[in-house]
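Fold and contact review
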Amino acid sequence: MTTVPVFDGHNDTLLRLHGERQQKSFFERGERGHIDLSRAREGGLGGGLFACFVPNRGGEGQNGEPPALKEGDREPLDPSCAQRTAGALARTLFELEASSGGSLKVARTTGEIEACLRDGVLAAVLHYEGAENLGPDPSALEELYEKGLRSLGLVWSRPNAYGHGVPFRFPSSPDTGPGLTDAGRELVRECNRLGVLVDLSHLNERGFWDVARITEAPLVATHSNAHALCPASRNLTDRQLDAIRDSDGMVGVNFAAGFLRPDGRDEEDTPLAEIARHVDYLVERLGIERVGFGSDFDGARIPRELGDASGLPRLLDALRERGYGEAELRKLAHQNWLRVLRATWGA
Ligand code: ZN
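A brief look at the structure comes next. What you see is a predicted model, and the numbers here were worked out from it, not measured in a lab.

1. Let's talk about the overall build of the protein chain
Across its full length, the protein chain carries 11 helices and 9 strands. Dimensions along the principal axes, computed over C-alpha positions, put the protein chain at roughly 50 × 45 × 40 Å. Expressed as a percentage of the 347 residues in the protein chain, the buried residues total 61%. Of the contacts made within the protein chain by residues no fewer than 6 positions apart, 73% connect residues no fewer than 24 positions apart. Accessible surface for the protein chain amounts to roughly 12900 Å². Of this, 47% is attributable to carbon and sulfur atoms.

2. Remarks on the coordination of the zinc ion
Around the zinc ion, the protein supplies E129 (OE), H202 (NE2) and H223 (NE2) as donor atoms, at distances of 2.1 to 2.2 Å. Every donor residue of the zinc ion comes from the same chain, spaced as E-x72-H-x20-H. On the criterion of sequence distance, the pair formed by E129 in strand β4 (residues 122-129) and H202 in the loop between β6 (197-199) and α7 (205-214) is long-range, its members being 73 residues apart. For H202, a relative accessible area of 5% corresponds to the buried category.

3. Quick look at the packing of aromatic side chains
One pass over the structure, following the stated rule, counts 8 aromatic pairs. Taken together, F53, W156, F168 and F259 form an aromatic cluster joined through their ring pairs. Sitting over the ring of Y145, R150 keeps its end group 3.8 Å from the ring centre.

4. Topic: the side chain of S172
Take S172: it is sitting in the loop between β5 (149-153) and α6 (182-194). S172 has contacts with H227, P231, A232 and S233, leaving out every residue within four places of it along the chain.

5. Concerning the pattern of salt bridges
The final tally for this structure, using the stated rule, is 35 salt bridges. For the salt bridge of R185 with D182, the shortest nitrogen-to-oxygen distance reads 2.5 Å. Highlighted residues: R185 and D182, both in helix α6, separated by 3 residues, approximately one helical turn. The partner of E326 in a salt bridge is R320, and the shortest N-O contact between them spans 2.6 Å.

6. Notes on the packing of α6 against α7
Axis angle and axis distance: for two packed helices, these are the angle between their axes and the distance between the axes, and together they describe the pair. One can describe the packing of α6 onto α7 by two numbers: an axis separation of 10 Å at closest approach and a directional angle of 45 degrees. On the basis of their axis angle, the class for α6 and α7 is oblique. Here α6 runs over α7; the crossing is right-handed. Residue-level inspection shows R185, V188, R189 and N192 of α6 in contact with α7, the latter providing D210, V211 and I214. Its residues assigned to classes, the contact of α6 with α7 comprises 3 nonpolar, 1 polar and 3 charged.

7. A look at α6
Here α6 contains 13 residues, and its C-alpha end-to-end distance of 19 Å stays within 8% of the 18 Å for a straight helix at 1.5 Å per residue. Here α6 has its buried residues at G184, L187, V188, C191, N192 and L194. Here the buried face of α6 lies against α5 (140-147), β5, β6 and α7. Directly beyond the C-terminal end of α6, a positive phi value near 85 degrees is found at G195.

8. Here we look at the environment of R301
Inspection of the secondary structure assignment puts R301 in the loop between β9 (291-293) and α10 (312-321). For R301 and F259, which are 42 residues apart along the polypeptide, the C-alpha to C-alpha distance reads 10.0 Å.

9. A word on helix α4 (residues 110-119)
All of the buried residues along α4 are T110, I113, C116 and L117. Projected onto a plane normal to the axis of α4, the buried residues spread over an arc of 115 degrees and lie on a single side. When the buried face of α4 is taken as reference, the exposed residues oriented beyond 90 degrees from it are R118 and D119. Buried residues in α4 make contact with β1 (6-11), β2 (45-53), β3 (104-106), β4 and α11 (326-345).

10. Quick notes on the nonpolar core
If you look at the biggest cluster of nonpolar residues, it comprises 93 residues, and the most contacted ones within it are L152 and L332. It is helix α9 (residues 273-286) that contributes the most residues to this core, 7 residues altogether. Sequence-distant contacts of L152, that is, excluding residues within four places in its chain, are made with H127, Y128, G130, A131, L134, L141, L187, C191, V196, L197, V198 and D199. In this structure, A107, I113, C116 and L117 belong to the second largest nonpolar core, which totals 17 residues.

Quick notes on the rules
Residues numbered from 1 in each chain as written. Predicted model: local features only at pLDDT ≥ 70, side-chain atom pairs only at ≥ 80, totals over all residues. Heavy atoms only, no water. Helix = DSSP H or I, 4+ residues; strand = E, 2+ residues; numbered from the N terminus. Buried < 20%, exposed > 50% of the residue type's maximum accessible area, 1.4 Å probe, protein only. Contact = heavy atoms within 4.5 Å. Areas by Shrake-Rupley, 256 points an atom, 1.4 Å probe, with all protein chains shown as cover. Donors = N, O, S within 2.8 Å, 3.2 Å for Na, K, Ca; no water. Phe/Tyr/Trp six-rings, centres within 6.5 Å; stacked < 30°, edge-to-face > 60°. Lys NZ or Arg CZ within 6 Å of the ring centre and 35° of its normal. Salt bridge = Lys/Arg side-chain N within 4 Å of Asp/Glu carboxyl O. Axes fitted to C-alpha atoms, helices over the stretch in contact; angles between N-to-C directions. Parallel < 35°, antiparallel > 145°, perpendicular 65-115°, else oblique. Left-handed = near helix turned anticlockwise from the far one by under 90°. Nonpolar A, V, L, I, M, F, W, Y, C, P; charged D, E, K, R; others polar. Expected span 1.5 Å × (residues − 1). Arc of directions from axis to C-beta. Core = buried A, V, L, I, M, F, W, Y, C linked by side-chain atoms within 4.5 Å.

Structure (structure tokens):
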């Protein structure tokens, strides 16, 4: 079987590299974390959304360690601090691009992503996870757009000036608090105007419905799973999935064990088949055109059977064994992402 290139909805590789303070490790095959250039090539990872995520102090995802999906509410961040750290993470991505000798490109259009997938260049889309990363003044969005930002999560799993993220709870409904603020609604409109993806992952349910009412773009959750199979607050209820389907949007399946397993346990000793189970359910509910991957590589504890980016062919094989044909696998692996990004970005 030929390898099908995977375009992926979410990784936290920038934070891992930033924590390790050595970006050059990205170009050497390593064992830490989940993504470096050689493991991406081995596994057919052709690109994805590279998140700029700012953890709470003493927080998660640093020093190459996956974050613990511990329960408990996170405090809001100071927007100026968040802006500084997110800016450093974005610079890390541009430095990777500059030192990659053409093997990594920051992609701003779907045409560029397609060219990268064709030519074996890793396509990195700049994503801000949490709009506090814009800093105190949300008009920074336009400047960031000029630099290459193409995707924005209004919130991470904590409150900010725009809305309320879901705290990590299990079992729990995602209906954990109030919806978007006026500033949040305004920011959705601004994302629509510029052609920036509004990511619904980490947003609580009322915020989700507020975005659904306002946005002109397809509804997208870049790294979330089915609540019916794993009742974590971070996963999407059937009603939410139906709204995503009706908007012709999509869901990127998250490989984090704690968002896969019916018991919510965050353990690497979780069968790869748990990922396939969520793919099956989401395909059934949304259609084969509206499901992709949103690995959470370098930001979560994922099944050991998958291991890291080099293990992606094992996931595709598991899906083949469940009856997915090659044309369907290409949709799941990258074509659906390209369709939704084109519809959202207009390019
Ligand atoms: Zn996330």
